[in-house]
Amino acid sequence: MGASFGRGGATGFLQDLEKADCIVIQGSNMAECHPVGFQWVMEAKARGARVIHIDPRFSRTSAQADTYIPIRAGSDIVFLGAVINYILSNDKYFHEYVVAYTNAATLVSEDFKDVDELDGVFSGYDPETGTYDTSSWAYDGVSDHPQGDAGGQGAESEESASERAAGHELGGHGAALEHAEVKRDETLQHPRTVFQVLKRHYARYTPEMVQEVCGIAPEQLLDVCEAVTANSGRERTTCWVYSVGWTHHTTGVQGIRGSAIIQLLLGNMGRPGGGIMALRGHASIQGSTDIPTLFNLLPGYLPMPKVGPHDSLDEYLKEIASPDQKGFWTNARTYTVNLLKAWWGDAATAENDFAFHYIPKLTGDHGTYATVMSMLDDEIDGYFLLGQNPAVGSAHGRMQRLGMAHLKWLVVRDLNLIESATFWKDGPEIETGELRTEDIDTEVFFFPAASHVEKDGTFTQTQRMLQWHHKAVEPPGDAQSDLAFFYLLGQKIRDRLAGSTDERDRPILDLTWDYPVDEHGDPSAEAVLREINGVHLTGEKAGQALNTFNEMKDDGSTAGGCWIYTGVFADGVNQAARRKPGREQNWVAPEWGWAWPLNRRILYNRAAADPDGKPWSERKAYVWWDEVEQKWVGHDVPDFEVAKPPSYRPPEGASGPAALSGDDPFIMQADGKGWLYAPTGLLDGPMPAHYEPHESPVTNPLYNQQANPTRQVFPRPDNPSNPSNGERGAEIFPYVFTTYRLTEHHTAGGMSRWLPYLSELQPEFFCEVSPELARERGLVHNGWATIVTARTAIEARVMVTDRVVPLPVGGKLIHQVGLPYHWGVGNEALVTGDSANDLFGVTLDANVHIQESKVASCDVQPGRRPRGPELLEFVADYRRRAGITLETGNKLRYPHSDATTGADTDGQGEGTP
Amino acid sequence: MDIRKTFLEWPVVRQLTGSDPLGRGAAVQSKRSRSLEPRTTTADRMVQSVCPYCAVGCGQRVFVRDERVVQIEGDPDSPISRGRLCPKGSASEQLVNSPRRATTMLYRRPRSTSWERIGVEQATDMIADRMVESRRKRWQDTDEHGRPLRRTMGIASLGGATLDNEENYLIKKLFTALGAIQIENQARI
């Protein structure tokens, strides 16, 4: 999202779905995973909207849709590419919107070579490191890295490691450009316009290819193409809804990019009933990215600094945004200085670059999977689990649990005694004999946590809206909030280091760590939210809350912990606690809670008006230019400088917000345009290209490149991969499995498997299989099945159902197995069972380091799995039969004519770091 | 004998003759059920909250009596949820009051086969000691080129997507000031 539009977050709000004329739900089972949000899809349907569901498995969402199309898991980009191809070849795009608001007319560098020309990879690919030098993807005459000189120090691999660490921010915001002056051909005819590049790139995404790869018939594809194009344009809008069915892939970011391209071509961004609805699965998962507990981000999508290119504040800021580009990221200095002032107060001065050097530096991927591997190498002493259950919820559960057994100390803070807190006595590895309780040296601290009704605070839900929840009662027993725990822990650590003269202790001793407390000694969440919002430090307004981030100064006279949240305390009032009933407001409901940025509910809503500022149609009027008042007005807060007229053109040499024209709606982007083609910012390609999942029984028919050549592989003995089609032994794992949620449980079960109602409603782990697969493998409804991968084997009750259909793909019938992943092995929960996530290995998307846990290959056998040490032998036998080595599945440039050939993977591989 | 107190009071008769032919309301009430009051009306107070499960962010009304949560219902004022809750949201009173909920601080020594009880204050002190020690032991001042790193690789964290923004803010602030960088949450998973 960030790479396409400039901000990482859903572009609209749930209630706005009812304004849509067509809704495509792909990679999401919204009716079961977001049931209450789904009412807005039903409202739209009741008003005549067309609802289309595309998913591997028939679910309640499919049942409610007008059209359901089964798709092979992991082939979404082919389907999206074919829709793009249809739009371009039949001139169905919204011409005026595309020319004015996207980068379609921009020229791409002569150096760029597409995957078609290079046999499956884009220009700049280095098979040694599995990474791209992205400089050839740039716009004509614009370099992607503003500063040019990254120092030239350090080994090649280290630089690419740094690049990988950088990948992340893309989720967060648009990438930097050297300057805003790009070459354009508004006739879209020049062969190097983004428009023509796109047209050539998607030419091979034909209906026949969709049939071949996705298992979807040409007439089904055509039906969707006609529906979305007929329901887009001036008078009508289509919305695309996705969820983790897209993100949990080695091509996850590119899947979302595929829908972004469609929505830009059809002119659906920034408009009511349009946009891309990202459905998130946790109460504050958007918030935990905005104010990130993530290794590569600081609050407000500022990147964590990397060693080398970010050694000084100036160097750091140059890489976020060139001072000569367009858009609001050119204010990054202001946002950074305000964060530093919020954290280090008087110790942050203009003379010391506001203590920028206090922030620790990254050297590569320090994500959660890399961290677990460090645990296994005994490099990590202590680990905090805060409302998270990786023993069940993370891919490769065995690696998670074994990693924890290597820790010196583990802190688990949760409502229930989750499996991650008890793995040392009842985990699956105790049963297999791999671990013995008496040998595990890990100290474990279990802290009972306060529930949401036992503390004040804000969640940021899926549409970027902060909602304050009030404390209703005191937490029971020893339970306390994380706010209280970490405040106290910080005080205790500061006490222990008080008086230290060691320079390394300055950041913790100089930290602003003084919040008002209540009668129980608990810190005030409102005071913390106020710090996040920001305040004036000096002048006549000293002590007052900032109203918008435009009031922030870069001279140290203001402080604010997360610039995108500035305004949540506007006028000194907790805006997130607003509760004006929805029925007393319009459908935008701006006085319920508060959405970032600046309470805007649909992002990029300048695009809801034509270049002259008039609504595209009366029916879809949302935000428009009022000639009389000389400002932008409408149903929402304009996502634009409110007094900048549509006719505004920047003066020569302008930069920053002033360089945004009156018709540049994507105000966070370096050129003010929506990006059909990403000249910079992504690590695996400027346009989505289909690659097969890391483990697949199908050969990629589109390119001579099987899987994403930039995916992060970890060839370790404890992380073996199943062979894919074409590799020796692939037939041992002939089926595809995918995982999903049920309505009655929540992720790893920590908040559901301990509750009587929910446990009774969904008591037991099961697998969904088609009648055809049941016949092929002798599976019996209500009986047991054992599902096997190179990592482990698990058992599940069998549900034989027509909801899963085998799909004709690549000349054979591909069977898919559905697995809900909520259960885990332990003695504490009301309901327990084998964990589907134990089946996965660790292979990651290069951009965001998210694991591929929505698809992999497997075998299925009738009956229960072996117990104890026999389980290990059973799985080892599978690995032997499939001939699995460290190289299996892990070759990045594969298959390739110039490198190793054929199916024998025992030879020398290439590209495996 | 008052005929109204005999067979005319039978539920089936009331169902057939009254205004409740489906037998889902007044027709099937007994003297006892007529005297019942919903917990929502006998509560001492109602507090507005937000559902803690998925990211739709449904409004909740939390009913409290004698300083105890007695019921959690959907908030009809919410423009997003309009009073509705899914099975998980509807069960969230059990999330608060489940008899299986852990409310006791527990500690497991190295190589021990069982939990033991310790105080929260003592446990927090023990963690503060370990934080200081692990931070120092795994400290990195510079990389191999002498460039500043100013960090520790000895302490990691996972979690945050179910926490409040204010909590995540303090966590990120504290860990960053300590030089700990391996801070992650569900957004990566």
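Residues numbered from 1 in each chain as written. Chains lettered and ligands numbered in written order. Predicted model: local features only at pLDDT ≥ 70, side-chain atom pairs only at ≥ 80, totals over all residues. Heavy atoms only, no water.

1. Here's the deal with the overall build of chain A
Put simply, the test is: Only runs of H or I of at least four residues qualify as helices and only runs of E of at least two qualify as strands under DSSP, and these elements are numbered from the N terminus. The globule rule used for comparison is 2.2 Å times the number of residues to the exponent 0.38, while the radius of gyration itself is calculated over C-alpha atoms. Between two residues, a contact is recorded if the distance between any of their heavy atoms is within 4.5 Å. Positive charges are assigned to Lys and Arg, negative charges to Asp and Glu, while His and the chain termini are left out of the count. The location of each charge is read from NZ of Lys, CZ of Arg, CG of Asp or CD of Glu.
What chain A contains, in helices and strands, is 27 helices and 27 strands. For chain A, whose C-alpha radius of gyration is 27 Å, the value lies close to the compact-globule estimate of 29 Å for 913 residues. In terms of principal-axis extent, the alpha carbons of chain A reach across some 75 × 70 × 60 Å. A separation threshold of at least 6 residues defines the contact pool for chain A, and within that pool the share at least 24 residues apart is 72%. Across chain A, the mean location of the 79 positive side-chain charges is 4 Å away from that of the 125 negative side-chain charges.

2. Considerations on the interface of chain B and chain A
Basically, it comes down to this: By buried area we mean how much accessible surface two parts lose on assembly, using a 1.4 Å probe and totalling the loss over both. Throughout this description, the term salt bridge denotes a Lys or Arg side-chain nitrogen within 4 Å of a carboxyl oxygen of Asp or Glu. Definition of a polar contact: a pair of N or O atoms within 3.5 Å, with one able to donate and the other able to accept a hydrogen when the atoms are protein atoms, and with sequence-neighbouring residues admitted only if both atoms are side-chain atoms.
Facing the 120 residues of chain B at the interface are 170 residues of chain A. For the pair chain B and chain A, the summed buried surface comes to about 13000 Å²; carbon and sulfur atoms form 59% of the total. Note that B:Arg111 and A:Asp441 form a salt bridge whose closest N and O atoms lie 2.7 Å from each other. For the interface between chain B and chain A, the tally reads 84 residue pairs in polar contact (both at pLDDT 80 or more). Sort the elements by how many residues they give to the side of chain B that touches chain A and helix α6 (residues 120-137) of chain B lands first, with 16 residues.

3. Structural notes on the domain arrangement of chain A
All names here are of chain A. Quick note on the threshold: What counts as a domain boundary in this text is fixed by an automatic or database domain assignment. Residues are grouped as follows: Ala, Val, Leu, Ile, Met, Phe, Trp, Tyr, Cys and Pro are nonpolar; Asp, Glu, Lys and Arg are charged; all remaining types, including Gly, are polar.
Entries for chain A in the domain assignment read domain 1 (1-106 + 215-281 + 601-690) and domain 2 (730-881). The straight-line distance from the C-alpha centre of domain 1 to that of domain 2 is 34 Å. Between domain 1 and domain 2, the contact holds 25 residues from the first and 28 residues from the second. Linking domain 1 with domain 2 are one salt bridge, by the criterion used here. Those elements giving two or more residues to the side of domain 1 that touches domain 2 turn out to be α2 (30-33), α12 (244-247) and α13 (252-265). Among the elements that line the side of domain 1 that touches domain 2, the one with the most residues is α12, at three residues. Looking at the side of domain 1 that touches domain 2 residue by residue, the class counts come to 11 nonpolar, nine polar and five charged.

4. Re the sheet that holds strand β2 (residues 50-55) of chain A
Residues and elements named next belong to chain A. Going by this rule: In this scheme, strands are said to pair when DSSP sees at least two bridges between them. Note on definitions: angles span 0 to 180 degrees between N-to-C directions of axes, and those axes are lines fitted to C-alpha atoms, for helices only across the stretch in contact.
Pairing in this open sheet of five strands is parallel, and the strands run β3-β2-β1-β6-β7 from one edge to the other. Single-partner strands in this sheet number two, and they are β3 (67-70) and β7 (276-278). Ignoring strand direction, the axes of neighbouring strands in this sheet form an average angle of 15°. Where strand β6 (residues 238-242) meets β7, three bridges bridge the pair, whose relative direction is parallel. Bridged to Tyr242 within β7 is Ala278. Strands β6 and β7 of the sheet are contacted by α13, whose axis makes an angle of about 175° with β6.

5. Focus on the sheet that holds strand β14 (residues 465-469) of chain A
An order of β13-β14-β17 (chain A) is seen for the three strands of this open sheet, with the pairing classed as antiparallel. For this open sheet the edge positions go to β13 (457-460) and β17 (594-595) of chain A, each flanked by a neighbour on one side alone. Of the strand pairs in this sheet, β14(A) and β17(A) are connected by two bridges, and their pairing is antiparallel. For A:Met465, the partnering residue across the bridge sits in β17(A) and is A:Ala595. Seen against the sheet, helix α7 (residues 165-178) of chain B touches β13 and β14 of chain A and runs at an angle of roughly 95° to β13(A).

6. With respect to the side chain of A:Arg601
Residue and element names in this part refer to chain A. Note the threshold: Accessible area is worked out with a 1.4 Å probe on protein chains only. A residue is then buried under 20% of its type maximum, exposed over 50%, and partly exposed in between.
Note that Arg601 resides in the loop between β17 and β18 (623-626). Summary of buried charges: Arg601 has no salt-bridge partner, and the nearest side chain of opposite charge, Asp636, is 5.6 Å away. Of the polar contacts made by the side chain of Arg601, one reaches the side chain of Asn599; its length is 2.7 Å.

7. A short note on helix α22 (residues 482-497) of chain A
Residues and elements named next belong to chain A. To keep things clear, this is the line we draw: To estimate the expected span of a helix, subtract one from its residue number and multiply by 1.5 Å.
In this model, α22 (16 residues) spans 22 Å end to end at C-alpha, consistent with the 22 Å of a helix rising 1.5 Å per residue. For α22, the tally of buried residues reaches 12 of 16 residues, placing the bulk of the element in the interior. Of the residues making up α22, those classed as buried are Asp482, Leu483, Ala484, Phe485, Phe486, Tyr487, Leu489, Gly490, Lys492, Ile493, Arg494 and Leu497. Of the residues one or two after α22, Gly499 is the one with positive phi, at around 85°.

8. Notes on the domain arrangement of chain B
Each assigned domain of chain B is listed here: domain 1 (3-35), domain 2 (39-97) and domain 3 (129-188). Relative to domain 3 of chain B, the C-alpha centre of domain 1 of chain B lies at a distance of 66 Å.

9. A closer look at the pairing of β18(A)
Residues and elements named next belong to chain A. Sheet topology places β18 next to strand β19 (residues 631-634); four bridges connect them, and they run antiparallel. Paired with Trp625 across the bridge in β19 is Trp632. Between β18 and the antiparallel strand that follows it, β19, lie four residues; Gln630 among them carries a positive phi value of about 55°.

10. Some remarks on the pairing of strand β26 (residues 816-820) of chain A
Residues and elements named next belong to chain A. Across the five residues that make up β26, a large majority, five, are buried. Burial along β26 is two-sided: the face carrying Gln816, Gly818 and Pro820 and the face carrying Val817 and Leu819 are both buried. Pairing analysis gives five bridges linking strand β20 (residues 735-740) to β26, with the strands arranged parallel. Considered in β26, the bridge of Phe737 is made with Val817.

11. So, the confidence of the model for chain A
All names here are of chain A. What counts, and what does not: Confidence of the predictor at the level of single residues is captured by pLDDT, which takes values from 0 to 100.
Across chain A, pLDDT averages 92, with 93% of residues at or above 70. Here residues 145-172 is modelled with pLDDT under 50, and outside its nearest four sequence neighbours on either side it reaches 62 contacts, counting other chains as well. Low pLDDT (under 50) marks residues 897-913, which in the prediction has 36 contacts with non-local residues, meaning those over four places away or in another chain.

12. Here we look at the packing of helix α16 (residues 332-344) of chain A against α7(B)
Our working definition: Angle categories: roughly parallel below 35 degrees, roughly antiparallel above 145, roughly perpendicular from 65 to 115, and oblique for all the rest.
Two elements in contact, α16(A) and α7(B), have axes separated by 11 Å at closest approach and are oriented at 80°. By the angle class used here, α16(A) and α7(B) are roughly perpendicular. Contacts between α16(A) and α7(B) pair A:Ala342, A:Trp343 and A:Trp344 from the former with B:Tyr169, B:Lys172, B:Lys173, B:Thr176 and B:Ala177 from the latter. Among the residues forming the contact of α16(A) with α7(B), the class breakdown is five nonpolar, one polar and two charged.

13. Focus on helix α27 (residues 869-881) of chain A
Residues and elements named next belong to chain A. As a reminder of what qualifies: Here, the arc refers to the directions that run from the helix axis to the C-beta atoms.
Along its 13 residues, α27 runs 19 Å from first to last C-alpha, staying within 8% of the 18 Å computed at 1.5 Å per residue. Restricting attention to buried positions, one finds in α27 the residues Leu871, Val875, Ala876 and Tyr878. Along the long axis of α27, the arc covered by the buried residues comes to 155°, so they all point the same way. Turned more than 90 degrees away from the buried face of α27, the exposed residues are Pro869, Glu870 and Arg880. Taken together, the buried residues of α27 touch α21 (428-432), β22 (784-788), β23 (793-800) and β27 (856-862). A positive phi of about 65° marks Gly883, the residue just after α27.

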